[in-house]
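Observations on the three-dimensional arrangement
Okay, here's what each chain looks like letter by letter:
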Protein chains: 2
Amino acid sequence: MAKADNGSEPEGGAIRRRNEQAILEAAERVFARHGYRGASVQEIAEQAGLPKSNVLYYMGSKRKLYVRLLERVMERWNAMLDDISADDDPAEVLSAFIRSKMWMSRRHPEGSRLFASEIIGGAPFLQEYLSGELRNWVHSRATVFRQWAERGLMDPVDPVWLIFLIWSSTQHYADFEAQVRGITGRKALSDEDIERITEFLTRVVIKGCGVKHPADLAAGEASLTER
Amino acid sequence: MAKADNGSEPEGGAIRRRNEQAILEAAERVFARHGYRGASVQEIAEQAGLPKSNVLYYMGSKRKLYVRLLERVMERWNAMLDDISADDDPAEVLSAFIRSKMWMSRRHPEGSRLFASEIIGGAPFLQEYLSGELRNWVHSRATVFRQWAERGLMDPVDPVWLIFLIWSSTQHYADFEAQVRGITGRKALSDEDIERITEFLTRVVIKGCGVKHPADLAAGEASLTER
DNA sequence: GCCAAAGCTGACCATATGGTCAAGAATCAA
DNA sequence: TTGATTCTTGACCATATGGTCAGCTTTGGC
């Protein structure tokens, strides 16, 4: 038995928490860079500043460590999947969606790359998540998008392709960071860059899908002028 | 010395060509799935139906095989980077660009994933290509886009972000195929699906960037009606 | 200070890795 | 048929892999 049993999740003493944190951080980097097979426990241990045995002591096995990392990433993901309803303003919802996705890519690029690496490898560990939880989320969002289209708030585009468009174009800046750096010639993108890209993507998506403000709807459909 | 020296590239006898072909195909799959480190020569050999020694005999080393694959992918890529000029119709150029990128992702998904895997891993083998050849191509295209914007043929968007948008949203269907399958619930996308997605992306990009037909320009700017 | 629990880690293991090599088999122009 | 070139491959090697374990030290509540 450990000390007092608090109801919250992060179990274990201070030492355990500190070391696990170091291991998880190092592992996220290494797995993101080399994929599940290509990553070695030895390298993770070195990056965490611990002997290999210690990593196995805390994490049990390479596989368990990897699964735990994926779960951590998916938790961050899910926290972003907030609820929207058909009554909200499409432009605002899409804008917020793009912005939060963009900043997620910026704040957790290694996590994004870890996820990408898993998917590229055929998603051996995430298949049920994709075709279960995530699929449901996408389809519930799709329903809302379709309602917007029916009410003339946006063009009748396929919502799934639209979601994929937003996902891919935002995650690009995390997953393909090396390419972005090579082509722009910069060592890293600044916060302003990210903000400008966010604005660009938002603009293209909203204008490209013919999203209208609810207020403009009441003003009659005779005027095709935007804004 | 081998037989007659023909000027074309694919050297070697029929046996060599056949085996190399089998090895390259198998290797593209395995490297795409597991990354450079995670791929094993043994697995490549098995998938090619040859003993490991034979793979090394033809390819020299794992590293040389990998580099050769990357070069093959980049050749396919470069063949697509045809020339455009500021005199062309922006809508047509962008449409053709999206379409060819989309079909490249469909026809060579393993190659696309191989490239993605290399970039996610920090592009250790492709850094100079990215910041050299590819960078120049992007910037030459960017110049054309800017000229279009100056002539009022499209909104003054940053051309580099636009190119990234097209790259990411098209490549998504190769790189994240597992995710697309899981969420759509389908075993594979059909040619019609790809065509519809192409149309969707083209529409969003062209409408979203305010691309106009050159003919509409002459008709005066009073009419804001589209199409 | 006591002692059980937690933390730590070098030595070790079976297996898999990329790569070499030598010796034989198939191919082919002459 | 000959002889040289190409092809084929099992045996082998040094190293790295994920994982185990026994025995040590440290920690922290009493």
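Here the residue numbers are simple positions, counted from 1 along each chain's written sequence. To read the labels, note that chains go from A and ligands from 1, taken in the order they are written. Totals for whole chains, interfaces and linings use every residue, but because this is a predicted model, local features are given only for residues with pLDDT of at least 70 and side-chain atom pairs only at 80 or more, for both listing and counting.

1. A closer look at the packing of helix H5 (residues 90–107) of chain B against helix H8 (residues 159–175) of chain B
Residue and element names in this part refer to chain B. An axis is simply a line fitted to the C-alpha atoms; with a helix, the fit covers only the stretch in contact. Between two such axes, the angle follows the N-to-C directions and lies from 0 to 180 degrees. Helix and strand definitions follow DSSP, with helices as H or I runs of at least four residues and strands as E runs of at least two, each counted in order from the N terminus. Running from N to C, H5 and H8 point in directions that differ by 25°, and their axes come no closer than 8 Å. With respect to their mutual orientation, H5 and H8 come out roughly parallel. In terms of crossing hand, the pair formed by H5 and H8 is right-handed. On H8, the residues touching Phe97, Ile98, Lys101, Met102 and Ser105 of H5 are Ile166, Trp167, Thr170, Gln171, Tyr173 and Ala174. Roughly parallel covers angles under 35 degrees, roughly antiparallel covers those over 145, roughly perpendicular covers 65 to 115, and oblique covers all other angles. Crossings are sorted by hand: turned counterclockwise from the far helix by less than a right angle, the near helix makes the crossing left-handed, and turned clockwise it makes it right-handed. Contact between two residues is assigned whenever their backbone-derived C-beta positions fall within 7 Å.

2. Looking at the relation of the copies chain A and chain B
For the pair chain A and chain B, the superposition axis carries a translation of 0.0 Å, the fit reaches an RMSD of 0.0 Å, and the rotation angle comes to 180°. In symmetry terms, the pair is related by a two-fold rotation axis. The fraction of interface residues of chain A whose copies in chain B are also interface residues reaches 100%, indicating that both copies meet through the same surface. The copies were overlaid with a least-squares fit restricted to C-alpha atoms from residues scoring a pLDDT of at least 70 in each copy.

3. What about the protein's contact with DNA strand D?
Each residue receives a C-beta atom placed from its backbone. It is near a molecule or strand if this atom lies within 6 Å of it. Of all residues adjacent to DNA strand D, which total 22 residues, the nearest are A:Ser40, A:Ser61, A:Lys62, B:Arg16 and B:Ser53. Sorting the residues of the surface near DNA strand D by element identifies helix H2 (41–48), helix H3 (52–59) and helix H4 (62–80) of chain A together with helix H1 (14–38) and helix H3 (52–59) of chain B as the ones contributing at least two each. Lys, Arg, Asp and Glu make up the charged group, whereas Ala, Val, Leu, Ile, Met, Phe, Trp, Tyr, Cys and Pro make up the nonpolar group; the residues left over, Gly among them, are polar. Here the surface near DNA strand D is composed, by residue class, of eight nonpolar, ten polar and four charged.

4. Overview of the domain arrangement of chain A
By a frequent convention, interface size equals the accessible area lost on bringing the separate parts together. All names here are of chain A. These domain limits were set by an automatic method or by a database of domain assignments. Parsing chain A into structural domains produces domain 1 (14–69) and domain 2 (81–215). A straight line from the C-alpha centre of domain 1 to that of domain 2 covers 30 Å. Contact residues are listed per partner, giving eight residues for domain 1 and seven residues for domain 2. Broken down by element, the side of domain 1 that touches domain 2 gets its largest block of residues, six residues, from helix H1 (residues 14–38). Partitioned by chemical class, the residues of the side of domain 1 that touches domain 2 number five nonpolar, one polar and two charged.

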